[in-house]
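Analysis of the macromolecular model
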Amino acid sequence: MDIVVCIKQVPDAESVKWDHKTGTLIRDGVKSVINPFDYHAIEAALTLKDELGGKVIAVTMGPPQAQEAIREAMSMGVDGGVVVSDRAFAGADTLATTYTLAQAIKKLGDVDVVFCGKQAIDGDTAQVGPGLAVRLRFPCVTYASQMDILDGERGLRIRRISEHGFDVVEVEFPVVVTVLSSLNTPRVPSLKGKMRAKKAEVPLWSASDIDASLDKIGLSGSPTKVYSTFIPKFEARREFIEGGAEEQADALVERLKEAGII
Amino acid sequence: MSNVNYFLTEEQQMIVDLARQIAHEKIIPVRARLDETEEFPWDIMKDLAQADLFGLYIPEEFGGLGGGCFENCIAVEQLAYGCIAVTTTFAASALGGYPIVMYGTEGQKKRYLPDIASGARLAAFGLTEAGAGSDAAAIKTTAVEDGDYWVLNGTKQWITSGGEAEIYTIIALTDKNKGARGASAFILEKGDDGFTFGKKEKKMGLRASATRELVFNDCRIPKDRLLGRRGLGFIIAMKTLDLARPGIGAIGVGLSQAALDESATYARQRVQFGQPIISFQAIQHMLADMATHIEAARALVYSVARTIDSGEKDISKISAMAKLFPTDVAMKVTTDAVQILGGYGYMKDYPVEKMMRDAKILQIYEGTNQIQRNVIGQALNKEYARR
C-alpha cells in the first residue's frame, strides 16, 4: 500500500499576534506547527499502514524550513517525505497548490491513497483535498469521521459528515480522503522515530524537479483574489407540500422558480 | 521553569521533550478523572509504549535504547509533572525489569526484555510483605526446590501494578537459616499455576496506580525462572533499589515543579487587599524557598544519576540521598502549594490537593526516608572508620 499524506505548516495559533493597525496577522517570529487537522491525516495514514503494510510518504509545499514538519511526521512513524519548495511557488492559491502537489505526488509513482486534513487553519478553504483529487483523477471523500477497510483490501468504507447528517460511502483505491479530527487520536512520536527523523534526508523538490509548467504555479497560476473572508451560513428550511402528486409537482416547480433554481 | 544548564545531549533533550509532550497532552487532561475513578491508566501506558519510553534503560540488543539511570530520571521527572500515579505505574515496570537486565541469563533476557522494552507487557517487583517492610529480611515467602521446579508459598503485599503486570521479579526465602544469603530472586508470570492476586487497595493518593497482594499457593515454576544465583535474592533487591532510587527522587522533582508552577501562576492572579498575593513578601519567600529547593533537588538527582551511569560501584549512599532529599522537598513544596492557594487549594477544582496527597507516598515507598537516612548514616560510619 503506497500512502501519501499531505501536510501544511501553519502559524501556531497560540503564539500568533494580531496587528491592530493593519488588521493582519503578524507572522514574524511566530512558530510554525503542523496544521492540527493534518495530525489526524497522518494518523489515518499510519493506521492504514499498520493494517495493510506498505509505506507512508508525507508531502508538503513550503519554504525549506517545512522540512521540520516532515521530520515531525517521521517521528510519528511516517517513512519519508519531501518538501516541494521553490520561490516560483510563492503566492499560490488552491488551484496552483493542488497542481503543484499533484505533480509531486505523480513523481512519487503509483499511489493508493492520499490523506489530507479537512482544511488548514490559516486559509480554511478545504479546497486542496478535492482539488488534488481532480488533478490526480482519483475519487474524493471529504470529512471522514470513521474509516474501515473493505473486504479484499480493495478500498475503504468511510462515514463522512455533512451539514445535514452523515453519509457512509464505499470507495475503491486509489482515492483522496480528507479527514476530521473525530476520525482518530493522533499517536505520540516515538524516540526511535525522532532519532531517525533527525538523521533523515528530506529532499527539496523545485519546480523543474516536478516538471511544473511555470504558468500553473505560484502567483501566475493563481487566479483567486481574496476580497473578504467569512464563514458561510447553512440555513436549512423544510416545508411539506400537501396535495395530490400533480398538485405537489406544480407547487414544487413554483418554489424552485421562486428560489431561482429553475 | 528551570533555566539551569544541565548540559543534556541532543538525544536526552528529545527524551525530555517527548515525555513533556505526553505529560501535557495525554496525562494532565485525564489525571483528575483517573484519581477519582482509580482507573488503571492503560491508554497512557500504550502512549508511553508507542513513544519507546519503556525501553529507555534496556540494552539495544533486546529492543531498548541502551540508556541509563540518567535517561530514566529525566523521563520520569517530566511524566511526574503530569501525575505521579501514572509515572509510578511506568516506573514500576523498570523496577521489575532492572533485575533481569542486571542478573538475567541470555535466555531470560531474550524471553522477557523485548516485551518489557516495547511496553507489550508491564513488569513489577515484589519484595514487601505484611510483616516485612523496612525490615526486608523478615520476609516469609518461601521457594522450595522440587525436581525441575521451584514451589513458592507466601503473600507479597502492596505490589505496584500487581494484577496488571505480566512479569514479576519476586524475592523469596530459599534457605531460612542462611540469613542475608537465604533469599533468591525469581521471575514469575501472570498465569503461573498457584499465582493469584488479592484485592485492589484503596489509597490516600497515587490512586490511578494499582496496588495488590500477590498470593503464591504451591505455585510451581520451572527451574530456569531463578534469577541470578541461589542466595543472591537480597543483593539483587538492594542493587535494584539502589539503581531505582534516583528515579523516585526525579519523580519528586517533577511533582514539586508542577506544584510550584501552579502556586506561582495562582499567586500572580489572586488579588487580596487590592493587589496580587505574589506581591506580598510572605508569599514570595515561600515561592523562593520552593524554587530553590527544587533546583537543588534536581541538581542532586542529575549528578547522582550521572555518577551511577559512569560506572561507580559504591552507590548506596548517594542513591539514598537522591531519593531522600527530593521526596522530602516534594512533601514540603506540595503542602506549601496548597497553603498558597488557600481554600481553593483544598478544593478538588485545583490540582494541588491531589499533588499533596500523592507526594506522601514518595517519603514511604522504595524504602522510607528513615531507611534512607539509615543507609546514609551507616555509609558515613564506614567511611569515617577507614580514615
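Residues numbered from 1 in each chain as written. Chains lettered and ligands numbered in written order. Predicted model: local features only at pLDDT ≥ 70, side-chain atom pairs only at ≥ 80, totals over all residues.

**Some thoughts on the overall build of chain A**
Definition in use: In this text, helices come from DSSP runs of H or I with a minimum length of four residues, and strands from runs of E with a minimum of two, each type numbered from the N-terminal end. Residue burial is a threshold on neighbouring C-beta atoms within 10 Å of the residue's own C-beta, all placed from the backbone, with 20 or more meaning buried, 12 or fewer meaning exposed, and counts in between meaning partly exposed. Note that contacts rest on C-beta atoms placed from the backbone: two residues are in contact if these are within 7 Å.
The secondary structure content of chain A amounts to six helices and 13 strands. In terms of overall dimensions, chain A has a C-alpha envelope of 75 × 55 × 35 Å along the principal axes. Buried residues in chain A amount to 38% of all 262 residues. Partitioning the intrachain contacts of chain A with sequence separation of at least 6 by distance along the chain shows that 68% fall at a separation of at least 24.

**Details of the overall build of chain B**
Selection rule: Here the radius of gyration uses the C-alpha set of atoms, whereas the globule reference equals 2.2 Å times the residue count to the power 0.38.
The helix and strand tally for chain B stands at 11 helices and 10 strands. Taken over C-alpha atoms, the radius of gyration comes to 21 Å for chain B, in line with the 21 Å a tight globule of 387 residues would show. If you line up chain B on its principal axes, its C-alpha atoms span 80 × 55 × 40 Å. In chain B, which comprises 387 residues, the proportion classed as buried is 50%. Residue pairs at least 24 apart in sequence account for 74% of intrachain contacts in chain B once pairs closer than 6 positions are excluded.

**Quick notes on unusual backbone geometry**
The amide bond that connects Phe173 of chain A to the next residue, Pro174 of chain A, takes the cis arrangement and shows omega of 0°. With respect to the element layout, Pro174 of chain A can be found in the loop between strand E11 (165–172) and strand E12 (175–179). Phi angles above zero are rare outside glycine, and Arg137 of chain A is one such case at about 60°. Take Arg137 of chain A: there are 8 C-beta atoms within 10 Å of it, and that puts it in the exposed class. The phi dihedral of Asp218 of chain B is positive, around 45°, even though this residue is not glycine.

**Notes on helix H5 (residues 84–103) of chain B**
Residues and elements named next belong to chain B. Worth spelling out the cut-off: Expected helix span is given by 1.5 Å per residue-to-residue step, counting one fewer step than there are residues. Two axes enter the bend calculation: one fitted to the seven residues ending at the residue in question, the other to the seven starting there, and the bend is the angle between them.
The end-to-end C-alpha distance of H5 is 28 Å, a good match for the 28 Å that 20 residues give at a rise of 1.5 Å each. At Gly97, H5 shows its maximal bend, which comes to roughly 30°, and the proline Pro99 appears one to four places after that position. Summarising burial for H5: 19 of the 20 residues are buried, a large majority.

**Quick notes on the interface of chain B and chain A**
Stated precisely, the cut-off is as follows: Amino acids outside the nonpolar list (Ala, Val, Leu, Ile, Met, Phe, Trp, Tyr, Cys, Pro) and the charged list (Asp, Glu, Lys, Arg) are all regarded as polar, and Gly is one of them.
Every contact between the two is made by 13 residues of chain B and, on the other side, eight residues of chain A. At the level of secondary structure, the elements contributing two or more residues to the side of chain B that touches chain A comprise helix H1 (10–27) and helix H3 (42–50) of chain B. Here the element with the most residues in the side of chain B that touches chain A is H1 of chain B; it accounts for seven residues. Residues that form the side of chain B that touches chain A fall into these classes: seven nonpolar, two polar and four charged.

**Notes on the sheet that holds strand E9 (residues 140–149) of chain A**
Across a sheet, paired strands are connected by hydrogen bonds in the backbone, their directions being either parallel or antiparallel. Residue and element names in this part refer to chain A. Put simply, the test is: Should DSSP find at least two bridges between two strands, the strands are regarded as paired. Angular values range over 0 to 180 degrees, each being the angle between N-to-C directions of two axes fitted as lines to C-alpha atoms, with helices fitted over their stretch in contact.
Reading across the sheet, the nine strands line up as E11-E10-E9-E12-E8-E1-E6-E7-E13 and stay open at both edges, with mixed pairing between neighbours. In this open sheet, the two edge strands, each paired with only one partner strand, are E11 and strand E13 (204–205). In terms of strand pairing, strand E7 (residues 80–84) meets E13 through two bridges, oriented parallel. Counterpart to Val83 in the pairing with E13 is Leu204. Packed on one face of the sheet, helix H1 (residues 36–52) meets strand E1 (2–6), strand E6 (55–61), strand E8 (113–117), E9 and E12 and runs near 150° to E8. With respect to the sheet, helix H2 (residues 67–76) is in contact with E6 and E7, its orientation differing from that of E7 by roughly 165°.

**Regarding the domain arrangement of chain B**
All names here are of chain B. Under the convention used in this document: Segment limits for the domains were obtained from an automatic or database-derived domain assignment.
Under the domain assignment, chain B is made up of domain 1 (10–122), domain 2 (124–231) and domain 3 (234–382). A straight line from the C-alpha centre of domain 1 to that of domain 2 covers 22 Å. The interface is formed by 26 residues belonging to domain 1 together with 20 residues belonging to domain 2. No other element matches the 12 residues that H5 contributes to the side of domain 1 that touches domain 2. Across the side of domain 1 that touches domain 2, the residue classes break down as 15 nonpolar, seven polar and four charged.

**Structural notes on the packing of helix H7 (residues 233–269) of chain B against helix H8 (residues 281–309) of chain B**
Residue and element names in this part refer to chain B. What counts here: For this classification, under 35 degrees means roughly parallel, over 145 means roughly antiparallel, 65 to 115 means roughly perpendicular, and everything else is oblique. We call a crossing left-handed when the near helix sits turned anticlockwise from the far one by less than a right angle, and right-handed when that turn is clockwise.
One way to put it is that H7 packs onto H8 with a least axis distance of 9 Å and a crossing angle of 155°. The orientation of H7 with respect to H8, classified from their angle, is roughly antiparallel. Here the hand of the crossing between H7 and H8 comes out left-handed. Facing Leu243, Pro246, Gly249, Ala250, Gly252, Val253, Ser256, Gln257, Leu260, Ser263, Ala264 and Ala267 of H7, the residues of H8 in contact are Ile283, Leu287, Met290, Ala291, Ile294, Ala297, Arg298, Val301, Val304, Ala305 and Ile308. Residues that form the contact of H7 with H8 fall into these classes: 17 nonpolar, five polar and one charged.

**Quick look at the environment of Gln78 of chain B**
Residues and elements named next belong to chain B. With respect to the element layout, Gln78 can be found in helix H4 (residues 69–82). Residue Gln78 is classed as buried on the basis of its 26 C-beta neighbours within 10 Å. With sequence-adjacent residues up to four places away left out, Gln78 is seen in contact with Val16, Ala19, Arg20, Ala23 and Gly254.

**Notes on the pairing of E7 of chain A**
Residue and element names in this part refer to chain A. To keep things clear, this is the line we draw: Seen with the strands pointing away from the viewer, any crossover whose path from the first strand over the helix to the second strand runs clockwise is right-handed.
Most of E7 is tucked away: four of the five residues are buried. Sheet topology note: the E6/E7 ladder contains five bridges and is parallel. Paired with Ile57 across the bridge in E7 is Gly80. Crossover handedness for the path E6 to H2 to E7: right-handed.

**Considering the nonpolar core**
Keep this limit in mind: A set of buried Ala, Val, Leu, Ile, Met, Phe, Trp, Tyr and Cys residues, joined through C-beta atoms within 7 Å, is what we mean by a nonpolar core.
Core analysis: the biggest nonpolar cluster contains 125 residues, and Leu79, Phe186 and Val301 of chain B have the highest contact counts within it. The leading source of residues in this core is H7 of chain B, at 15 residues. Tyr39, Leu136, Val175 and Val179 of chain A belong to the second-largest nonpolar core, a separate cluster that totals 62 residues.

**What about the confidence of the model for chain B?**
In low-pLDDT regions, the fine details of the predicted coordinates are not to be read closely. The cut-off we apply is this: The pLDDT value expresses, per residue, how confident the predictor is, ranging between 0 and 100.
Confidence in the prediction of chain B, expressed as mean pLDDT, is 97, and 100% of residues score 70 or more. Reported for the predicted complex are a pTM of 0.89 and an ipTM of 0.87.

**Looking at the environment of Gly243 of chain A**
Residue and element names in this part refer to chain A. With respect to the helices and strands, the residue Gly243 is situated in the loop between E13 and helix H6 (245–258). Note on Gly243: 10 C-beta atoms within 10 Å, which makes it exposed. Among all residues touching Gly243, those that are not within four sequence positions of it are Gln248 and Ala251.

**Some thoughts on the environment of Leu287 of chain B**
Residues and elements named next belong to chain B. Relative to the assigned elements, Leu287 resides in helix H8. A C-alpha to C-alpha distance of 32 Å links Leu287 and Thr37, two positions 250 residues apart in sequence. The contacts of Leu287, once residues within four sequence positions are left out, are Ser263, Ala264 and Ala267.

**Thoughts on helix H5 (residues 191–199) of chain A**
Owing to its 3.6 residues per turn, the α-helix brings residues three or four apart onto one side. Selection criterion: Working note: the arc is built from the helix axis to C-beta atom directions.
For H5 of chain A, the set of buried residues is Leu191, Gly193, Lys194 and Ala197 of chain A. All buried residues of H5 of chain A fall inside an arc of 160° around its axis, so they share one side. Tucked into the core, H5 of chain A has its buried residues touching H2 of chain A together with H1 of chain B.

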